[in-house]
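# Report on the structure
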Amino acid sequence: AHRYRPRSAQEERRHRGLSLMKELVEYVARSLVDNKDAVTVEETVGPEATILELHVAPEDMGKVIGKQGRIAKAIRSVVPPATAKDAKPVFVEIQ
(Lines give C-alpha, C1' and ligand atoms only; values in the text may rest on other atoms or scores of the structure.)
Protein backbone atom coordinates (compact mmCIF):
# COMPACT_ATOMS: atom_id res chain seq x y z
CA ALA A 1 0.00 0.00 0.00
CA HIS A 2 1.21 3.50 -0.86
CA ARG A 3 1.40 5.77 2.15
CA TYR A 4 0.47 9.41 1.89
CA ARG A 5 3.40 11.69 2.58
CA PRO A 6 2.57 15.37 3.05
CA ARG A 7 4.64 17.79 1.03
CA SER A 8 7.39 19.70 2.74
CA ALA A 9 7.17 23.49 2.71
CA GLN A 10 9.81 23.59 -0.06
CA GLU A 11 7.90 21.05 -2.17
CA GLU A 12 4.70 23.03 -1.69
CA ARG A 13 6.37 26.28 -2.80
CA ARG A 14 7.82 24.51 -5.84
CA HIS A 15 4.43 23.03 -6.74
CA ARG A 16 2.74 26.45 -6.45
CA GLY A 17 5.54 28.07 -8.47
CA LEU A 18 5.27 25.49 -11.26
CA SER A 19 1.52 25.85 -11.32
CA LEU A 20 1.87 29.61 -11.74
CA MET A 21 4.50 29.16 -14.47
CA LYS A 22 2.21 26.74 -16.28
CA GLU A 23 -0.65 29.24 -16.10
CA LEU A 24 1.61 32.08 -17.25
CA VAL A 25 2.89 30.16 -20.30
CA GLU A 26 -0.69 29.20 -21.19
CA TYR A 27 -1.93 32.79 -20.76
CA VAL A 28 0.81 34.24 -22.96
CA ALA A 29 0.26 31.60 -25.65
CA ARG A 30 -3.52 32.12 -25.68
CA SER A 31 -3.01 35.86 -26.12
CA LEU A 32 -0.91 35.21 -29.25
CA VAL A 33 -2.91 32.57 -31.14
CA ASP A 34 -6.18 32.46 -33.07
CA ASN A 35 -7.21 28.96 -31.95
CA LYS A 36 -7.23 29.52 -28.18
CA ASP A 37 -8.96 26.19 -27.45
CA ALA A 38 -6.01 24.26 -28.89
CA VAL A 39 -3.54 25.70 -26.35
CA THR A 40 -2.48 23.29 -23.63
CA VAL A 41 0.50 23.10 -21.30
CA GLU A 42 1.62 19.76 -19.89
CA GLU A 43 4.03 19.49 -16.99
CA THR A 44 6.57 16.66 -16.89
CA VAL A 45 8.62 16.42 -13.70
CA GLY A 46 11.80 14.42 -14.09
CA PRO A 47 14.68 13.68 -11.71
CA GLU A 48 16.91 16.40 -13.22
CA ALA A 49 14.46 19.00 -14.55
CA THR A 50 10.85 19.94 -15.13
CA ILE A 51 9.56 20.43 -18.66
CA LEU A 52 6.53 22.52 -19.56
CA GLU A 53 5.29 21.37 -22.98
CA LEU A 54 3.29 24.04 -24.79
CA HIS A 55 0.98 22.65 -27.48
CA VAL A 56 -0.72 24.92 -30.02
CA ALA A 57 -2.58 24.35 -33.28
CA PRO A 58 -0.23 23.85 -36.26
CA GLU A 59 -1.52 27.02 -37.93
CA ASP A 60 -0.62 29.05 -34.81
CA MET A 61 2.92 27.71 -34.41
CA GLY A 62 4.46 30.67 -36.25
CA LYS A 63 2.69 33.14 -33.96
CA VAL A 64 4.10 31.49 -30.86
CA ILE A 65 7.63 31.11 -32.25
CA GLY A 66 7.79 34.52 -33.94
CA LYS A 67 10.36 35.85 -36.36
CA GLN A 68 13.77 34.33 -35.68
CA GLY A 69 12.29 32.68 -32.58
CA ARG A 70 12.00 35.94 -30.67
CA ILE A 71 8.60 35.25 -29.11
CA ALA A 72 9.59 31.70 -28.13
CA LYS A 73 12.76 33.07 -26.51
CA ALA A 74 10.70 35.65 -24.63
CA ILE A 75 8.32 32.98 -23.32
CA ARG A 76 11.26 30.82 -22.27
CA SER A 77 13.05 33.74 -20.61
CA VAL A 78 10.17 34.35 -18.19
CA VAL A 79 10.22 30.88 -16.64
CA PRO A 80 13.78 30.37 -15.24
CA PRO A 81 13.97 33.56 -13.11
CA ALA A 82 10.62 32.78 -11.53
CA THR A 83 11.81 29.33 -10.49
CA ALA A 84 15.42 30.26 -9.68
CA LYS A 85 15.14 29.35 -5.99
CA ASP A 86 14.36 25.75 -6.85
CA ALA A 87 17.03 23.14 -7.35
CA LYS A 88 15.61 21.75 -10.59
CA PRO A 89 15.62 23.86 -13.76
CA VAL A 90 12.39 24.35 -15.70
CA PHE A 91 12.38 24.26 -19.51
CA VAL A 92 9.64 25.22 -21.97
CA GLU A 93 9.21 23.16 -25.12
CA ILE A 94 6.89 24.34 -27.89
CA GLN A 95 5.16 21.62 -29.88
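This one's a predicted model, so the numbers in the text were calculated from it and none came from an experiment.

### Remarks on the pattern of salt bridges
All told, the structure shown has three salt bridges when counted by the stated rule. Taking the shortest distance from any N to any O, the salt bridge between arginine 30 and glutamate 26 comes out at 2.7 Å. You can see arginine 30 and its partner glutamate 26 sitting in helix α1 (residues 9-32), four residues apart, about one turn around the helix. On the basis of relative accessibility, which here comes to 27%, the residue arginine 30 falls in the partly exposed class. Using a relative accessible area of 23% as the deciding quantity, one classes glutamate 26 as partly exposed. Salt bridges linked by common partners bring Asp34, Asp60 and Lys63 together as one network.

### Some points on the nonpolar core
Ranked by size, the top nonpolar core spans 17 residues in total, and within it Val25, Leu52, Leu54 and Val64 carry the most contacts. For this core, the secondary structure elements donating two or more residues are α1, β2 (50-55), α3 (70-82) and β3 (90-94). Looking at this core, the element that brings in the most residues is α1, giving four residues. Sequence-distant contacts of leucine 52, that is, excluding residues within four places in its chain, are made with Met21, Lys22, Val25, Val41, Glu42, Glu43, Val90, Phe91, Val92 and Glu93.

### Considerations on the pairing of strand β1 (residues 40-45)
Looking at chain direction, β1 and β2 are connected through six bridges and run antiparallel. Counterpart to glutamate 43 in the pairing with β2 is leucine 52. Linkage of β1 to β2, two consecutive antiparallel strands, is achieved through a turn of four residues.

### A short note on the pairing of β2
Alignment of β2 against β3, held across five bridges, turns out to be parallel. If you follow threonine 50 over to β3, its bridge partner there is valine 90.

About the cut-offs
Residues numbered from 1 in each chain as written. Predicted model: local features only at pLDDT ≥ 70, side-chain atom pairs only at ≥ 80, totals over all residues. Heavy atoms only, no water. Salt bridge = Lys/Arg side-chain N within 4 Å of Asp/Glu carboxyl O. Helix = DSSP H or I, 4+ residues; strand = E, 2+ residues; numbered from the N terminus. Buried < 20%, exposed > 50% of the residue type's maximum accessible area, 1.4 Å probe, protein only. Core = buried A, V, L, I, M, F, W, Y, C linked by side-chain atoms within 4.5 Å. Contact = heavy atoms within 4.5 Å. Pairing = 2+ DSSP bridges.

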